[in-house]
Amino acid sequence: MLGALGRADARARGWVRAHDLQVYVWAVCATGLVLCVSLAWRLAVDPAPPVDAWRLALVAGLALGADRSLLEIRFGADNESFTWAEMCVVLGLFLVPLPELVCLNTAGVLVHHLLRRTARLKALFNAAAFGLGTAVAGAVLSLVTAGSGATEAPRFVLGLVLAALAFSAWNGATVTGAVALAGRAPFGSIYGKGLLLRTLVCLGNTTAGVAVVVMVQWSRPSVLVLPPLLLLLFMSYRGYLRAMHERDTWQQLERASRELNQLDEVAVATAAIVRAAQLLQADVVQVTVENEHGPVTSYVGDANGLSRTSDPGAIDGPLEAQLMLYVAPLEAPHGRIGVLRIGFRRTVTLSKREQQVLKTFAHAVSTTLQNARLYAEMRQHAEAKAYEAAHDPLTGLGNRALLHDRAELALEASSREGTQCALLIIDLDHFKEINDTLGHAAGDVFLREVGERLTAALPDADAVCRLGGDEYAVLLGGLQVAGAADQVAAALLDVLSEPVLFDGLRLSIEGSVGVACFPQDATTFSELLQRADVALYQAKESRGSFCHYRVDRDSSSLQRPAMAAELRTALAADDLVVHFQPQYDLHTGQVAGAECLVRWQHSQRGLLQPAEFIGVVEHSGLIRDFTLAVLDKGVAECARWFRAGRQLTVAVNLSARNLLDKQLPVDVAGVLARHGLPARQLVLEITETTTMIELDVVESVLGQLRGLGVQLSVDDFGTGYSSLAFLQRVQVNEVKIDRSFVSGLTSSASDRALVRATVQLAHSLGARCVGEGVETAEQYDALVALGCDLAQGYYLGRPKSADLVRAELGFTVPGLPAPRVDSDARHLRAVAT
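Given the structure is predicted, the values throughout are model-derived calculations rather than measurements.

Undergrad: Let's hear about the overall build of the protein chain: which residues, and what values?
TA: Helix and strand counts for the protein chain come out as 28 helices and 23 strands. A buried classification covers 48% of the 833 residues belonging to the protein chain. For the protein chain, long-range pairs separated by at least 24 residues make up 67% of all intrachain contacts whose partners lie at least 6 apart in sequence.

Undergrad: Explain helix 26 (residues 777-785) to me, using residue names and the numbers behind them.
TA: Listed as buried for helix 26 are Gln 779, Tyr 780, Ala 782 and Leu 783. Buried residues in helix 26, looked at end-on, bunch into an arc of 165°, giving them a common side. Contact partners of the buried residues in helix 26: helix 24 (739-742), helix 25 (749-764), strand 22 (768-771) and strand 23 (790-791).

Undergrad: Which residues make up the sheet that holds strand 8 (residues 420-428), and what are the values?
TA: Strand order in the open sheet formed by 5 strands is 9-10-8-13-14, and the pairing between neighbours is mixed. Two strands bound the open sheet, and with one partner strand each, they are strand 9 (463-468) and strand 14 (546-548). Direction aside, neighbouring strands of the sheet carry axes that sit 20° apart on average. Docked against the sheet, helix 15 (residues 483-497) engages strand 8, strand 10 (471-479), strand 13 (511-518) and strand 14, running at close to 160° with respect to strand 13.

Undergrad: Help me get a handle on the pattern of salt bridges, residues and values and all.
TA: Inspection of every chain in the model, using the stated rule, returns 14 salt bridges. Arg 674 is the partner of Asp 632 in a salt bridge, and the nearest nitrogen-oxygen pair spans 2.7 Å. With Asp 632 in helix 20 (residues 623-643) and Arg 674 in helix 21 (residues 664-675), this pair connects stretches of sequence that are 42 residues apart. For Arg 674, a relative accessible area of 53% corresponds to the exposed category. Overlapping salt bridges bring together Glu 595, Glu 685, Lys 736 and Glu 772 as one network.

Undergrad: Give me the confidence of the model for the protein chain: which residues, what numbers.
TA: With 80% of its residues at a pLDDT of 70 or more, the protein chain has an overall mean of 79. Per-element confidence in the protein chain is highest for strand 23, whose mean pLDDT is 95, and lowest for helix 28 (residues 823-832), whose mean pLDDT is 41. In this model, residues 314-321 is a region of pLDDT below 50 whose contacts with residues beyond four sequence positions or in other chains number 14 contacts.

Undergrad: Tell me what's going on with the nonpolar core, and back it up with residues and numbers.
TA: Core analysis: the largest hydrophobic core is formed by 72 residues, its most contacted members being Phe 580, Leu 682, Leu 684 and Leu 783. Top contributing element to this core by residue count: helix 20, with 8 residues.

Undergrad: Give me the pairing of strand 7 (residues 335-344): which residues, what numbers.
TA: The buried fraction of strand 7 amounts to 7 of the 10 residues, a majority that puts the element mostly inside the structure. Two elements, strand 3 (residues 284-289) and strand 7, share 6 bridges in a ladder whose sense is antiparallel. Across the sheet, Val 285 pairs through a bridge with Ile 342, a residue of strand 7. Both strand 6 (residues 324-332) and strand 7 contribute to a ladder of 9 bridges, which runs antiparallel. Of the residues in strand 7, the one forming a bridge with Ala 328 is Leu 340. As consecutive antiparallel partners, strand 6 and strand 7 are separated by 2 residues.

Undergrad: So what's going on with the packing of aromatic side chains? Residues and values would help.
TA: Applying the stated criterion across every chain, the model contains 4 aromatic pairs. Between Phe 130 and Phe 167 the ring centres are 5.0 Å apart and the planes differ by 70°, which places this aromatic pair in the edge-to-face class. Of the two residues, Phe 130 sits in helix 5 (residues 120-145) while Phe 167 sits in helix 6 (residues 154-183), which places them 37 residues apart along the sequence. The two residues Phe 130 and Phe 167 agree in class, both being buried. Over the face of the ring belonging to Tyr 794 we find Arg 798, whose NZ or CZ atom lies 4.1 Å from the ring centre.

Undergrad: So what's going on with a nonpolar patch on the surface? Residues and values would help.
TA: Nonpolar side chains collect at one region of the surface, where Leu 158, Leu 162, Leu 165 and Leu 203 lie side by side and expose about 320 Å² of accessible area between them. Per-element accounting of the nonpolar patch gives the leading share, 3 residues, to helix 6. Along the chain, Leu 165 falls in helix 6.

Undergrad: Kindly report on the packing of helix 2 (residues 53-66) against helix 3 (residues 85-95), identifying the contributing residues and their values.
TA: Look at helix 2 against helix 3: their axes get within 10 Å of each other, and the N-to-C directions meet at 165°. Classified by the angle their axes make, helix 2 and helix 3 are roughly antiparallel. Along this stretch, helix 2 crosses helix 3, giving a crossing that reads as left-handed. Packed against helix 2, whose contacting residues are Trp 54, Arg 55, Leu 58, Val 59, Leu 62 and Ala 66, the element helix 3 presents Ala 85, Cys 88, Leu 91, Gly 92, Phe 94 and Leu 95 at the interface. When the residues that make up the contact of helix 2 with helix 3 are grouped by side-chain class, the tally is 10 nonpolar, 1 polar and 1 charged.

Undergrad: Tell me about the environment of Pro 519, residues and numbers included.
TA: Along the chain, Pro 519 falls in the loop between strand 13 and helix 16 (525-540). For Pro 519 and Ala 482, which are 37 residues apart along the polypeptide, the C-alpha to C-alpha distance reads 9.4 Å. When neighbours within four sequence positions are excluded, Pro 519 is seen to be in contact with Thr 419 and Gln 420.

Undergrad: Describe the side chain of His 112, listing the residues and the values that go with them.
TA: Structurally, the position occupied by His 112 is in helix 4 (residues 98-115). Discounting residues that sit within four places of it in the chain, His 112 has contacts with Leu 64, Asp 67 and Arg 68.

Undergrad: So what about the pairing of strand 20 (residues 711-717)? Which residues, and what values?
TA: With 6 of 7 residues buried, strand 20 lies mostly within the body of the structure. Here 5 bridges tie strand 19 (residues 682-687) to strand 20, and the two strands are oriented parallel to one another. Of the residues in strand 20, the one forming a bridge with Thr 687 is Asp 715. As defined by bridge partners, strand 20 adjoins strand 21 (residues 734-737) across 3 bridges and the pair is classed as parallel. Across the sheet, the residue bridging to Phe 717 is Ile 737, located in strand 21.

Quick notes on the rules
- Each residue is numbered by its place in its chain's sequence as written, counting from 1.
- With the structure being a predicted model, the display of local features is reserved for residues of pLDDT at least 70 and the display and counting of side-chain atom pairs for 80 or more, all residues being used for whole-chain, interface and lining totals.
- Think of the side-chain values as coming from all heavy atoms in the structure, minus any hydrogens and water.
- In DSSP terms, a helix is any run of H or I states spanning at least four residues, a strand is any run of E spanning at least two, and both are numbered starting from the N terminus.
- Burial status follows relative accessibility: with a 1.4 Å probe on protein chains alone, a residue under 20% of its type maximum counts as buried, one over 50% as exposed, and anything between as partly exposed.
- Should any heavy atoms of two residues lie within 4.5 Å, those residues are counted as being in contact.
- What the arc describes is the spread of directions from the helix axis to the C-beta atoms.
- When DSSP finds two or more bridges between a pair of strands, those strands are recorded as paired.
- An axis is simply a line fitted to the C-alpha atoms; with a helix, the fit covers only the stretch in contact. Between two such axes, the angle follows the N-to-C directions and lies from 0 to 180 degrees.
- Whenever Lys or Arg places a side-chain nitrogen within 4 Å of a carboxyl oxygen from Asp or Glu, that contact is recorded as a salt bridge.
- Predictor confidence is given residue by residue as pLDDT, running from a minimum of 0 to a maximum of 100.
- The term nonpolar core refers to a set of buried residues drawn from Ala, Val, Leu, Ile, Met, Phe, Trp, Tyr and Cys, joined through side-chain atoms within 4.5 Å.
- Stacked, tilted and edge-to-face are the three classes assigned to paired rings of Phe, Tyr and Trp, where Trp is represented by its six-membered ring and a pair needs centres within 6.5 Å; plane angles under 30 degrees give stacked, over 60 edge-to-face, the rest tilted.
- Geometrically, a charge over a ring is one whose NZ (Lys) or CZ (Arg) sits within 6 Å of the ring centre while staying within 35 degrees of the ring normal.
- A patch is a set of surface residues, each over 30% in relative accessible area and not in a salt bridge, joined within 9 Å for like charges and within 5 Å for the nonpolar side chains Val, Leu, Ile, Met, Phe, Trp and Tyr.
- Accessible areas in this description were obtained via Shrake-Rupley with a 1.4 Å probe; residue shielding takes into account the shown protein chains only.
- Should an angle lie under 35 degrees it is considered roughly parallel, over 145 roughly antiparallel, and from 65 to 115 roughly perpendicular; all remaining angles are considered oblique.
- By definition, turning the near helix anticlockwise from the far helix through less than a right angle yields a left-handed crossing, and turning it clockwise yields a right-handed one.
- Each residue receives one of three labels: charged for Asp, Glu, Lys and Arg, nonpolar for Ala, Val, Leu, Ile, Met, Phe, Trp, Tyr, Cys and Pro, and polar for the others, Gly being one of them.

Structure follows, in structure tokens:
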């Protein structure tokens, strides 16, 4: 309904404009006709003195050429012509009386336009306007000369000049009125557009006409040279006017080029639409941009600016009337990138010069669009590079650089507001084992899942970043107390504890979190990062926990990064010491074997326990050399026992990463051969984390080890997820019950039931069962009662050096001193018997 009313209103406005134009045109025509008829009637009724025929003939000839165009300027669908009219009027006023001049000029202009096949109404309008202008000029001349007929007086010359100016003003106003009504434009804007050029033409024509009059009065023979001089003047005059108009056009093009100098496609299209509409007097302009890998976009508007952006279609569809279109392609070196269309609501014929201007303008638009497109691509590329430089490609989280930038802002805000800013460093426990055993695909899934969980859990965090590997950072600003960061850390541990699914497996890796706060714990970001890292090392001493930075523990934690280098030196210097913890046969009470437990004889810190350096081994790339060193010492000692007639086993722990080493079976065979120990005397213990392995390479390594005759043992049984599946796939010789279940044998019915079930499971698989962590006689008796095969623990014997174990076993090695048997050894023998 509203659209119909809008269209009806538009049609009504169009009818009013057309009606006003017709009234205006017919008014001018009627006035001119009445004037001519009245003057002709006057001449017929009251004849004036006769005028020389040659004068009448000359004026008639001038009238025929008076409206011949020197130059035309188009205003929309209408043209304004610049002619010799002022000069013809000046000469006519000099040659013949005013009544004859008005009639001759009106008739001459009418005949001129009819011969040019101008529309009749337009021809009549131009003739009437010319005749009325002539009458106005004659009236001005009569007013200046006060009716005097003297043509030699200076006042007459002044009158001619003013008459010509009055004619020009009248003629320009009459034509401008018609153009303004036709084009719906204000009269002043149309009149002002051609005012300068109109004034120059008027002055030139008036000067030429007055000069002819003066020359005729000064020396009549000089009239003979007037025709060639006038022709030369005509050519020069016309050329000058065209050059001036061309200069104005190219100045507009130059301004258009400056306006088009934009770096955004929409801005370029808007500038092109406005300038094209102004430059070529178009009613509507459309710029269509064709994108190589995207949709085509159409921008439509007029001299007032961009009106809409839409899909390309018929440009005249939504407009009031059918448009006359001129099209210029927008070309680029690689082909067309779009189209420039200018539309007119009425029939308009563009001159060759205007068509060239359109082509040149389209070229400028093409160049600017290409520049805008290149700039957009460069900006997108720069933004992509900036994003890549600040983000982790795997998880999409920020990286260390982004963390630094965000932290500087957060620390500044905390200083200004008096709040705390916390940095949490999160490290995933056992992640490297998952990555190495299940492959990088599983590791990538896990890392992305952790990133998504951290982001979801902390949507308001200042930054959630991945620092590299399995390490993440969370930045929290605006905390009122530092303790709030500890609450967040505890919550994050719960978030990380949920298993991650990968190919049907439930992967669970706990995390450790280090917390430090600004300004409580550090005064700069570098200090904050360092101290959060120190807190992380403190937290990793008990996995699956968090730790807030404590300055009293800083010195020991800061030694850890240097420990990897010292450990490498220790391996080369053979500073590792292997102690042996005996394993007793619960059926015979005799020592059946021993487990190798490594110690580090540090040059400055003394004898270090495994908890103080095993973590460094696992994360330093020394695991293979470390394992072979322990294996060599354990096998060497067991070989001494074997040569002494004691067929005991020695157990050596393997990490999950060892089982990914295809060289491991070769290394184990080499160690056994070098020391002459039968393979059946060596037991390789695999932690239950390793039982999650389903890779072919791991099963291949285990198969080759069994092929050597080496025994396999599953350590810490019952604390993981996949032990039963592993036992189904891989034949083992031994199952070790974790100390957490053994400690509850006498106090927990469920622990006792689990131990019983584990013993029965091991026996059903043809394997022996070992109880770990036996610390009391009651636990020892309970294991015997449940049918367990072997046991080890502090109650039966603490880990001892090799010479003390030999003393306990009751033999010495030739070339080595006999050790002193301590009370613990005597006690163990008593227990065994």
